Amino acid sequence: MKRNHVVVLLIAAAILAMDVAILAQAVAQPSAAEQEIQLLRKDVQSQRKQLIAANMILTDDEAVKFWPVFDQLTAELKKINDTRLGIIAEYAENFDALTDEQAASLIKRTIEADVAMAQLRLKYVPLIQKILPAKKAAMFFQMDRRLGLLIELQLTTQIPLVTP
């Protein structure tokens, strides 16, 4: 039965990654509508929540406490992802004429966003551990990290490398 959950998670993550690829293409195209990007992001967030719900077996008491914290985490993740999206948009706008200074700034801000993401996860570990037993908390953070990495991989493969 656990294997079925893993298969569902992998299939859904692939679907989620496809949505991120569409998002990356929309960001890279200057004519892309901001509204379309926002709709895609909502869909990705919804699918992420559905994947977590399908794979986490929560008691009623755990669920009542967990989902508001999950939603809070998601809201804070959105802020970091807004920063990342802005960095990608800036890169796309300046791709053909990227200066050394712009490249250095993009590197620094991308790493700062990565650090902010890690700090956010560290902030939520004790909050989730107060709600869920250790193994369930570990499972949540594993799934959250895997989904994040799948999205990150799909997104970064859509962004062309800087040409010297």
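A. View of the nonpolar core. Ile52, Met56, Phe66, Ile128, Leu132 and Phe140 are the most contacted members of the largest nonpolar core, which totals 23 residues. Listing elements by their share of this core, those giving two or more residues are helix 2 (34-55), helix 3 (60-94), helix 4 (100-131) and helix 5 (134-158). In terms of residue count, helix 3 provides more of this core than any other element does, seven residues in total.

B. Representation of the pattern of salt bridges in the model. Counting across every chain of the model gives 11 salt bridges. Salt-bridge contacts for Lys49 lead to Asp71; the nearest nitrogen and oxygen are separated by 2.9 Å. Placement of the pair is Lys49 in helix 2 and Asp71 in helix 3, with a sequence separation of 22 residues. Take Lys49: its relative accessible area is 30%, and that puts it in the partly exposed class. Between Glu152 and Arg84 there is a salt bridge; the shortest N-O distance is 3.0 Å. Within this pair, whereas Glu152 is found in helix 5, its partner Arg84 is found in helix 3, the two being separated by 68 residues in sequence. Here Arg84 falls in the buried class, since its relative accessible area comes to 17%. Shared partners join several salt bridges into a network, and the residues in it are Arg48, Arg121 and Asp144.

C. Here's a closer look at the packing of aromatic side chains. In this structure the tally under the stated criterion is seven aromatic pairs. Ring geometry for Phe66 versus Phe140: centroids 5.2 Å apart, planes at 80°, classification edge-to-face. In this pair, Phe66 is assigned in helix 3 and Phe140 in helix 5, connecting sequence segments 74 residues apart. With respect to class, Phe66 is no different from Phe140; both count as buried. A connected cluster of aromatic rings, assembled from ring pairs, spans Phe66, Trp67, Phe70, Phe140 and Phe141.

D. Highlighting the confidence of the model for the protein chain. Put simply, the protein chain has an average pLDDT of 81, and 74% of its residues get 70 or more. Confidence scores differ between elements of the protein chain, with helix 1 (residues 2-28) showing the lowest mean pLDDT of 48 and helix 4 the highest of 97. Taken as a whole, residues 1-21 scores under 50 in pLDDT and shows 29 contacts with residues more than four places along the chain or in a different chain.

E. Spatial organisation of the environment of Lys79. Tracing the backbone through its elements, the reader meets Lys79 in helix 3. Relative accessible area serves as the criterion here: at 60%, Lys79 is assigned to the exposed category. For the pair Lys79 and Met117, spaced 38 residues apart in sequence, the C-alpha separation works out to 10.0 Å.

How each quantity is defined
Every residue gets a number counted from 1 within its own chain, in the order that chain's sequence is written. Reporting in this predicted model follows two pLDDT cut-offs: at least 70 for local features of residues, and 80 or more for side-chain atom pairs to be given and counted; totals over whole chains, interfaces and linings ignore these cut-offs and use all residues. To obtain the side-chain values, all non-hydrogen atoms of the structure were used and water was disregarded. Residues belong to one nonpolar core when they are buried, are Ala, Val, Leu, Ile, Met, Phe, Trp, Tyr or Cys, and are joined through side-chain atoms within 4.5 Å. We call a residue buried when its accessible area falls under 20% of the maximum for its residue type, exposed when it is over 50%, and partly exposed in between, using a 1.4 Å probe and counting protein chains only. What counts as a helix is a DSSP run of H or I of at least four residues, what counts as a strand is a run of E of at least two, and both are numbered from the N terminus. Take a side-chain nitrogen of Lys or Arg and a carboxyl oxygen of Asp or Glu: if they are within 4 Å of each other, that pair is a salt bridge. Note on aromatic pairs: the rings of Phe, Tyr and Trp (six-membered ring only in Trp) are paired at centre separations within 6.5 Å, and the planes decide the class, stacked below 30 degrees, edge-to-face beyond 60, tilted for the rest. Confidence scores here are pLDDT values: one per residue, from the predictor, ranging 0 to 100. Any two residues having at least one pair of non-hydrogen atoms within 4.5 Å are treated as being in contact.

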